[in-house]
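Residues per chain, in single letters:
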Amino acid sequence: MSFMRLFVLSGFVVFFIFSCSKQDGLESINRNEIDINLPEIVYNYTDIDIPIHLSTNALLGVGQNAATDNDNTPISNPTTNYGATLGRVLFYDKSLSANGSISCASCHKQANGFSDDEVLSKGFDGGNTRRHSMSLINAKWYARGRFFWDERAATLEEQVLQPFQDPVEMGLTLSEIVSTVQNQSFYPELFNNAFGSEEINADKIAKALAQFVRSIVSVSSKYDIGRANVNIPINDFANFSESENNGKRLFFLPKSLGGLSCIGCHSTEAFINPDAGTTNNGLDLISTDDFGVFEIIPNPRFSGTFKVPSLKNIELTAPYMHDGRFASLEEVIEHYNSGVQNHPNLNNSLKDENGMPQRLNLSAQEKLDVVNFLKTLTDNSVTMDPKFSNPFK
Ligand code: HEC
Ligand code: HEC
């Protein structure tokens with residue numbers, strides 16, 4: 001057991017012995033003593049105004065509605081305001097890592113759309129994660145309900161306990177997590193508010209974290225505001241520039257109508273592909289060091305296939321792809337324009353009529369238009385809202 005870990009677990013006694021010293025990292029202990037910053041009246045995580053293009057009027061009126069058709073909330077864990085509040089505290093609690101140095105939020109940063117601006121994230125001991133961190137926005141509206149780039153977690157409740165136990169990420173055992181939560185004075189009340197009893201266990205920790213993650217949805221980007229005034233998304237939006245409207249047309253229209261068919265994979269108006277499963281978008285000719293879903297389900301048709309992420313707030317979640325290989329949206333567009341590789345599992349929609357990888361021959365203006373459209377998906381209400389922010393301040 002490392003020094004810092006011992007320190008965190010030992011609580012008050014150790015705190016008093018060392019409270020005069022000014023070593024780095026002691027803030028994580030001091031938190032045992034200070035109040036966490038929670039609002040007097042609990043934040044509203046549940047009563048969200050869902051615009052009709054996410055509930056009843058999706059796509060051309062025939063598409064799936066992101067919010068109503070694809071919600072993965074299980075009956076056993078409905079989101080409540082007090083449940084999400086507890087989840088928020090757990091999400092930002094650095095004591096829930098082996099040396100008290102990181103929390104979920106270290107790799108899922110609110111300002112970065114709950115992704116990480118690093119190509120690979122740093123775990124508690126300085127080690128790198130294997131893949132690039134994923135945005136958590138709109139996780140709720142993913143009907144398959146499977147999580148991670150390779151979808152190895154069958155539910156969000158199952159997913160949220162894994163980072164704690166990952167030897168690179170947070171480095172704890174399940175019983176250490178539970179006892180570390182139990183040893184902090186502010187938790188019993190939060191558990192009581194959320195679940196009607198002060199008892200703390202792993203199941204409740206998972207449920208609360210899942211509720212918080214599910215509460216992070218985007219409904220008020222520039223796209224959503226413009227969309228509210230038209231009946232179908234292909235119509236020009238009054239609040240969009242000419243370039244943004246043109247980028248939108250390119251994104252939505254199929255290639256047969258002069259578009260780029262992006263919506264075919266980044267689908268529904270949460271732009272997340274809620275039920276089609278993982279696919280290959282031609283990043284590499286062959287898979288060599290990361291086989292994606294194949295590592296979980298050893299069937300060759302899953303080799304090099306990965307989850308399609310939501311494009312909401314994509315401007316803020318750079319770098320891009322499962323390995324963070326692209327630093328900018330311009331590089332992503334250049335990939336779809338000229339860089340798609342003929343991987344054995346390359347999705348047909350990224351091939352031309354001869355079965356070869358697509359070459360879109362976009363003009364500089366068209367590339368700019370698609371980038372400008374993607375930036376209309378930025379939703380600062382998610383990245384600024386205090387209800388999603390760090391309560392340990
Ligand atoms: C050290 C960095 C790090 C920490 C800490 C961390 N994550 Fe992650 N998270 C990642 C990475 C990297 C991935 C993608 C991993 C993969 O797919 O193999 C990920 C993926 C996820 C996903 C999947 C999203 C999706 O759409 O499939 C969720 C949900 C998630 N993390 C939630 C959490 C929660 C909750 C915590 C705290 C208990 C947490 N993470 C802590 C780095 C981190
Ligand atoms: C065949 C399905 C498919 C099509 C068509 C498609 N994408 Fe993707 N997209 C994916 C997949 C899968 C990923 C993740 C791949 C990975 O990391 O291995 C992805 C990733 C991305 C990312 C990075 C997301 C992140 O969080 O890192 C952006 C941006 C993106 N696509 C934009 C577009 C645009 C713009 C178009 C149209 C030109 C498009 N996509 C067409 C499947 C597709």
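Let me sum up the structure you'll find in this document. Since the model is a prediction, treat every value here as computed from it, not as a measurement.

This next bit is on the site of ligand 1. Taken together, 26 residues lie around ligand 1, and Cys104, Cys107, His108, Phe148 and Lys307 are the ones closest in. Between ligand 1 and Arg131 there is a distance of 3.0 Å, counted from an oxygen atom to a side-chain nitrogen or oxygen. At a separation of 2.8 Å, an oxygen atom of ligand 1 approaches a polar backbone atom of Phe148. For the shell around ligand 1, the elements supplying multiple residues, two or more each, are helix H5 (104–107), helix H6 (156–159) and helix H7 (162–165). Per-class residue counts for the shell around ligand 1 are 13 nonpolar, eight polar and five charged.

Summarising the element assignment, Ser221 is placed in the loop between helix H10 (202–215) and helix H11 (222–227). Side chain to side chain, Ser221 and Asp224 meet in a polar contact 2.6 Å long. If we ignore the near neighbours within four places in the chain, the residues touching Ser221 are Lys312, Thr376, Leu377, Thr378 and Asp379.

This part is about the environment of Lys307. With respect to the helices and strands, the residue Lys307 is situated in the loop between helix H12 (242–252) and helix H13 (329–339). Residues Lys307 and Asn280, 27 residues apart in the sequence, show an inter-C-alpha distance of 8.8 Å. Lys307 has contacts with Met134, Tyr142, Arg146, Phe147, Phe148, Trp149, Glu151 and Thr278, leaving out every residue within four places of it along the chain. At a separation of 2.9 Å, a polar atom in the side chain of Lys307 contacts the main-chain carbonyl oxygen of Arg146.

It is worth spelling out the coordination of the iron atom of ligand 2 at this point. The protein atoms donating to the iron atom of ligand 2 are His266 (NE2) and Tyr336 (OH), with metal-donor distances spanning 1.9 to 2.0 Å. Geometry at the iron atom of ligand 2 is octahedral, judged from its six donor atoms and the angles of 85 to 179° they form at the metal. Highlighted residues: His266 in the loop between H12 and H13 and Tyr336 in helix H13, separated in sequence by 70 residues. The burial state of His266 is the same as that of Tyr336; both residues are buried.

For the rest of this paragraph, the subject is H13. Burial in H13 covers these residues: Leu329, Val332, Ile333, His335, Tyr336, Asn337 and Gly339. Check the buried side of H13 and you find it contacts helix H14 (364–375).

In the vicinity of ligand 2, 24 residues are found, and the nearest of them are Cys262, Cys265, His266, His322 and Tyr336. In the model, an oxygen atom of ligand 2 is placed 2.7 Å from a nitrogen or oxygen of the Met321 main chain. In the model, a nitrogen atom of ligand 2 is placed 2.7 Å from a nitrogen or oxygen of the Tyr336 side chain. Considered class by class, the residues forming the shell around ligand 2 number 16 nonpolar, seven polar and one charged.

For the rest of this paragraph, the subject is the packing of helix H4 (residues 81–92) against helix H9 (residues 187–195). Between H4 and H9, whose axes approach to 7 Å, the crossing angle comes to 145°. Along this stretch, H4 crosses H9, giving a crossing that reads as left-handed. Here H4 contributes Tyr82, Gly83, Leu86, Val89 and Leu90 to the contact with H9, which in turn contributes Tyr187, Leu190, Phe191, Asn193, Ala194 and Phe195. Among the residues forming the contact of H4 with H9, the class breakdown is nine nonpolar, two polar and no charged.

So, how was this worked out
- The numbering scheme is per chain: residues are counted from 1 as the chain's sequence reads.
- Whichever chain is written first is A, and whichever ligand is written first is 1; the rest continue in order.
- Per-residue local features are limited, in this predicted model, to residues with pLDDT of at least 70; the limit for side-chain atom pairs, both in listing and counting, is 80 or more; totals at the level of whole chains, interfaces and linings are taken over all residues.
- The basis for every side-chain value is the complete set of non-hydrogen atoms in the structure, without hydrogens or water.
- Near, as used in this document, describes a residue that has one of its heavy atoms within 4 Å of the molecule or strand being considered.
- For this analysis, a polar contact is any N or O atom pair within 3.5 Å, provided that within protein one partner can donate a hydrogen and the other can accept it, and provided that sequence-adjacent residues contribute only side-chain to side-chain pairs.
- Segments assigned H or I by DSSP are reported as helices when at least four residues long, segments assigned E as strands when at least two residues long, and all are numbered from the N terminus.
- Each residue is assigned to one class: nonpolar for Ala, Val, Leu, Ile, Met, Phe, Trp, Tyr, Cys and Pro, charged for Asp, Glu, Lys and Arg, and polar for all the others, Gly among them.
- Contacts are assigned to residue pairs that have any heavy atoms within 4.5 Å of one another.
- Metal coordination here is assigned from N, O and S atoms located within 2.8 Å of the ion, or within 3.2 Å for Na, K and Ca; omission of water means that sites may look incomplete.
- When four donors show all angles between 85 and 135 degrees the site is tetrahedral, when four or six donors have opposite pairs over 155 degrees and all other angles between 65 and 115 it is square planar or octahedral respectively, and in every other case it is irregular.
- Only protein chains enter the calculation, and the probe is 1.4 Å; a residue is then buried if its accessible area is under 20% of its type maximum, exposed if over 50%, and partly exposed in between.
- Here the axes come from fitting lines to C-alpha atoms, over the contacting stretch only for helices, and the angles between their N-to-C directions go from 0 to 180 degrees.
- Crossings are assigned a handedness: left-handed for a near helix turned anticlockwise from the far helix by less than a right angle, right-handed for a clockwise turn.

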